[in-house]
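Letter by letter, the chains look like this.
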Amino acid sequence: MATGNMKTIKRRIKSVGSTMQITKAMELVASSKLRRAKQKSIDARPYFDAQFRMLTELSGAGNVETVFTQKRLHKEDEDIKRLHIVIAGDRGLAGGYNSSVFKLVAAEKADKKLTKIIAIGKKSVEYFEKRGYDIAVKRIGLENMSAGHYSEISNAAIKLFVDGEVDEVKLFYTKFVSSMVQETTSIPLLPLSGENIKKHMGTDASAELKPPKAITYDPTPEAVFNRIIPNFLLSIIQCAISESFTSEQCARRVAMESASDNAEEMIENLSLLYNRARQEKITNEINEIVGGANAL
């Protein structure tokens, strides 16, 4: 009995050891990608901040009324047609990273018939396809996205809004705060308003920004506003994808580190059981030898 138990424990130790090798490797890969992704996110923030400052100044130039700021009125909130841009990961094994984004989207309780989706990331595409949502754009491979991909996503969202196919555009992504903290966030993109900018994307310092009186806009603030909005939305989406990818690597590194620690602890416990079974086997053999000698 002890021999069979020892074989089972030994196979289990070998299996857990193989799993730990995989989790250790995935932890190292995630750590390597995290360093590059983190630097990319940090490098992108000054560009975003400059665009945000300009947009805030334009918003303070007066009552700017353009196609991007017009809010469409509906009798009931249920009649609003929405576009959700949802950024998730391309792979699993990242703790609650993907599920947190999907829970935030589900909390909107939007009608499937009135909601279009731009799914970014393989897990996002799979999630919404499985639930029968109308997916306007699918894009996987966050790590290898180019400027053309960002432009495709931004242009698709703008076209759907300008053509009247959707009334609101909202972005769901995971914000990188620190190596231990990633915050699932939603941002209303269109229609664009100063309140939304200040509430969801601004800082206390930028909330009070006013355009200097010496600045004039040629031909009008509205024309400048319309010209920079596509670039502004493009930069938001680019930064959001970069932040989400960084957050994904953080979540995966932490998850794999925890899995490796659990596997190591499991091997220690199994080794203890193996040694006990081995000691029991040795004791039984000694008892059998002594009993045989006494019988003689």
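Small disclaimer: the values here were computed from a predicted structure and weren't measured.

**Describing the overall build of the protein**
Working step 1: Secondary structure assignment for the protein yields seven helices and five strands.
Working step 2: Shown N-terminal to C-terminal, the secondary structure of the protein runs as helices and strands in the order α-β-α-β-α-β-α-β-β-α-α-α.
Working step 3: For the protein, buried positions account for 40% of its 296 residues.
Working step 4: Within the protein, contacts between residues at least 6 apart in sequence are counted, and of these 76% link residues at least 24 apart.
Working step 5: For the protein, the accessible surface area stands at approximately 16800 Å², while carbon and sulfur atoms represent 53% of it.

**Brief notes about the sheet that holds strand 2 (residues 115–120)**
Working step 1: Taking strand neighbours across the sheet as the criterion, the five strands line up as 3-2-1-4-5 in an open arrangement whose pairing is mixed. Two strands in the sheet have a free side with no partner beyond their single neighbour: strand 3 (134–139) and strand 5 (182–190). Pairs of neighbouring strands in the sheet enclose a mean axial angle of 20°, with direction left out of account.
Working step 2: The sheet contact formed by strand 1 (residues 82–87) and strand 4 (residues 168–176) spans five bridges and is parallel. Bridge pairing in strand 4 links Arg82 to Glu168.
Working step 3: Sitting on the sheet, helix 3 (residues 122–130) is in contact with strand 1, strand 2 and strand 3, with an inclination near 160° to strand 3.
Working step 4: Running over the sheet, helix 7 (residues 221–295) touches strand 1, strand 2, strand 4 and strand 5 and is turned about 40° from strand 4.

**A few points about the packing of helix 2 (residues 97–106) against helix 3**
Working step 1: As a packed pair, helix 2 and helix 3 sit with axes 11 Å apart at the nearest point and diverge in direction by 45°. Taken together, helix 2 and helix 3 sit at an angle that is classed as oblique. Considering only the axes of helix 2 and helix 3, their crossing is right-handed. Across the interface between the two elements, Asn98, Phe102 and Val105 of helix 2 pack against Lys123, Ser124, Tyr127 and Phe128 of helix 3.
Working step 2: Considered class by class, the residues forming the contact of helix 2 with helix 3 number four nonpolar, two polar and one charged.

**Some words on the environment of Tyr150**
Working step 1: Residue position: Tyr150 is located in helix 4 (residues 147–162).
Working step 2: With a relative accessible area of 4%, Tyr150 lands in the buried category.
Working step 3: Spatially, the C-alpha atoms of Tyr150 and Leu234 are 6.3 Å apart, while their sequence positions differ by 84 residues.

**What to know about the pattern of salt bridges**
Working step 1: The full count for this structure, using the stated rule, is 10 salt bridges.
Working step 2: Residues Glu143 and Lys33 are paired through a salt bridge, measuring 3.3 Å at the closest nitrogen-oxygen approach. Residue Glu143 is located in the loop between strand 3 and helix 4, and its partner Lys33 is located in helix 1 (residues 2–59); the two are separated by 110 residues in the primary sequence.
Working step 3: Overall, the relative accessible area of 33% leaves Glu143 in the partly exposed class.
Working step 4: Lys116 is paired through a salt bridge with Asp134; the nearest N and O atoms lie 2.7 Å apart. Taken together, the residues Lys116 in strand 2 and Asp134 in strand 3 connect sequence positions 18 residues apart.

**Quick word on the nonpolar core**
Working step 1: Counting 37 residues, the largest nonpolar core has Ile85, Ile118, Ile120, Val169, Leu189 and Ile241 as its most contacted members.
Working step 2: Elements supplying a minimum of two residues to this core: helix 1, strand 1, strand 2, helix 4, strand 4, strand 5 and helix 7.
Working step 3: Examining the composition of this core, we find that 10 residues originate from one element, helix 7, more than from any other.
Working step 4: Residues contacting Ile120, with those up to four places away along its chain left out, are Ile85, Val86, Ile87, Ala88, Arg139, Leu142, Met145, Ile153 and Ile241.

**A closer look at unusual backbone geometry**
Outside of glycine, negative phi angles account for most residues, and trans bonds account for most peptide bonds.
Working step 1: A cis amide bond, omega -5°, links Leu190 with the succeeding residue Pro191.
Working step 2: Here Pro191 is to be found in the loop between strand 5 and helix 5 (194–200).
Working step 3: Not every positive phi belongs to a glycine, and Leu93 is a case in point at roughly 55°.
Working step 4: By the secondary structure assignment, Leu93 is in the loop between strand 1 and helix 2.

**Concerning the confidence of the model for the protein**
Working step 1: For the protein, the average pLDDT comes to 81, and 83% of its residues sit at 70 or higher.
Working step 2: When the criterion is pLDDT under 50, residues 201–209 qualifies, and its contacts beyond four places in sequence or with other chains add up to 13 contacts.

**Describing a nonpolar patch on the surface**
Working step 1: Side chains of Val177, Met180 and Val181 sit close together on the surface and give an oily, nonpolar patch of about 290 Å² of accessible area.
Working step 2: Classification of Met180 as exposed rests on a relative accessible area of 63%.

**Brief notes about the environment of Thr23**
Working step 1: Checked against the element boundaries, Thr23 lands in helix 1.
Working step 2: Sequence-wise, Thr23 and Leu93 are 70 residues apart; in three dimensions their C-alpha atoms are separated by 9.5 Å.
Working step 3: When sequence neighbours within four positions are dropped, the list of residues in contact with Thr23 reads Met256, Ala259 and Ser260.

Each value, and the rule that gives it
Residues numbered from 1 in each chain as written. Predicted model: local features only at pLDDT ≥ 70, side-chain atom pairs only at ≥ 80, totals over all residues. Heavy atoms only, no water. Helix = DSSP H or I, 4+ residues; strand = E, 2+ residues; numbered from the N terminus. Buried < 20%, exposed > 50% of the residue type's maximum accessible area, 1.4 Å probe, protein only. Contact = heavy atoms within 4.5 Å. Areas by Shrake-Rupley, 256 points an atom, 1.4 Å probe, with all protein chains shown as cover. Pairing = 2+ DSSP bridges. Axes fitted to C-alpha atoms, helices over the stretch in contact; angles between N-to-C directions. Parallel < 35°, antiparallel > 145°, perpendicular 65-115°, else oblique. Left-handed = near helix turned anticlockwise from the far one by under 90°. Nonpolar A, V, L, I, M, F, W, Y, C, P; charged D, E, K, R; others polar. Salt bridge = Lys/Arg side-chain N within 4 Å of Asp/Glu carboxyl O. Core = buried A, V, L, I, M, F, W, Y, C linked by side-chain atoms within 4.5 Å. pLDDT = per-residue confidence, 0-100. Patch = residues over 30% accessible without salt bridge, like charges linked within 9 Å, V, L, I, M, F, W, Y side chains within 5 Å.

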